[in-house]
Amino acid sequence: MDIDAVLLRIKGDIGKQIVFYDTVSSSNTVALGLDNRADEGTVIIADSQEKGRGRFGRAWVSPPGANIYMSIILRPAVAARHLTLLTILSAVACACALRGTTGLTVSVKWPNDLMSFDKKIGGILTEIRTIRNELPLAVVGIGVNVNMEGRDFPLSIRSTATSLMHETGRSFHRESIISEILNEMDRWYKAFQAGLWQAIIAEWQRFS
């Protein structure tokens, strides 16, 4: 993983600071552990995860050298009722980025799945901590199956999961996909901060 190659492509505030690990328990766990020691927009990227997780604590298969596992630290200054839009805007950002970098017609399945036709190609896990009189800490975890082959998936999910390589027949540089996701996250997070919530929902519905 060439983090310098990612940084060179970053256009906005999200992703200007990246912390890379060869292996973590999960990137979300690391990001949440940083608490107030990391600036907004800091991104945790791992080459592999020992305890990657999805919704409801489900395991997320996280082998090294193949996929994207990253978590973005945000501190949104909005009312609590709007925080659920973070997952929606993240799904929009990922779908835009993956379509642009791979040519695949990536869609979004409620609430947090990135799909290629009827198979899951990625997912989003948003975790939020709120403390009285402080801005909420939101960590958006993003996992994308990039260069896994069909046989690399456990039998239990082989019929429902896929990867960018499996769908297109070609491998991808993770760095270019990561930077494009982060640039799209920056664009849609700025729309979120500006209160353009209906625009975000409309784009999500287009991809849904």
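Not measured: the values here are computed from a predicted model.

Peer 1: Help me understand the environment of Gly195 in this model?
Peer 2: Summarising the element assignment, Gly195 is placed in the loop between helix 5 (174-193) and helix 6 (197-207). Between the alpha carbons of Gly195 and Val78 there is a distance of 8.8 Å; along the sequence they are 117 residues apart.

Peer 1: How do you make sense of the nonpolar core when you look at a structure like this?
Peer 2: Across soluble globular proteins, nonpolar side chains show a tendency to be buried alongside one another. Met70, Ile142, Leu164, Ile181 and Leu182 are the most contacted members of the largest nonpolar core, which totals 50 residues. With twelve residues, helix 3 (residues 85-102) is the largest single contributor of residues to this core. With sequence-adjacent residues up to four places away left out, Ile181 is seen in contact with Met70, Cys94, Ala97, Ile142 and Val144. Counting eleven residues, the second-largest nonpolar core is a separate cluster that includes Val24, Ala31, Leu32 and Val139.

Peer 1: Sorry if this is basic, but what is going on with the sheet that holds strand 6 (residues 119-129) here?
Peer 2: Two orientations exist for strands paired in a sheet by backbone hydrogen bonds: parallel and antiparallel. Strand order in this open sheet of seven strands is 1-2-3-7-6-5-4, and the pairing throughout is mixed. Looking along the sheet, the strands with just one partner apiece sit at the ends: strand 1 (18-24) and strand 4 (106-109). Adjacent strand axes in the sheet meet at a mean angle of 20° when their direction is disregarded. Of the pairings in the sheet, the one linking strand 5 (residues 113-116) to strand 6 comprises four bridges and is antiparallel in character. Bridging from a neighbouring strand, Leu114 pairs with Gly122 of strand 6. On the sheet, helix 2 (residues 27-34) packs against strand 1, strand 2 (43-49), strand 3 (68-74), strand 6 and strand 7 (137-144) and is oriented at approximately 25° with respect to strand 3. Across the sheet, helix 3 lies against strand 3, strand 4, strand 5, strand 6 and strand 7, angled at about 145° from strand 6, the strand it touches most.

Peer 1: Whenever I open this one, helix 3 confuses me. Can you help?
Peer 2: Residues lying three or four places apart along an α-helix face the same way, a consequence of the helix completing one turn every 3.6 residues. Its 18 residues give helix 3 an end-to-end C-alpha distance of 25 Å, which sits within 8% of 26 Å, the value for a rise of 1.5 Å per residue. Helix 3 sits mainly inside the fold: 15 of its 18 residues count as buried. Looking at the residues trailing helix 3, positive phi occurs at Gly103, about 85°.

How each quantity is defined
- Residues numbered from 1 in each chain as written.
- Predicted model: local features only at pLDDT ≥ 70, side-chain atom pairs only at ≥ 80, totals over all residues.
- Heavy atoms only, no water.
- Helix = DSSP H or I, 4+ residues; strand = E, 2+ residues; numbered from the N terminus.
- Core = buried A, V, L, I, M, F, W, Y, C linked by side-chain atoms within 4.5 Å.
- Buried < 20%, exposed > 50% of the residue type's maximum accessible area, 1.4 Å probe, protein only.
- Contact = heavy atoms within 4.5 Å.
- Pairing = 2+ DSSP bridges.
- Axes fitted to C-alpha atoms, helices over the stretch in contact; angles between N-to-C directions.
- Expected span 1.5 Å × (residues − 1).

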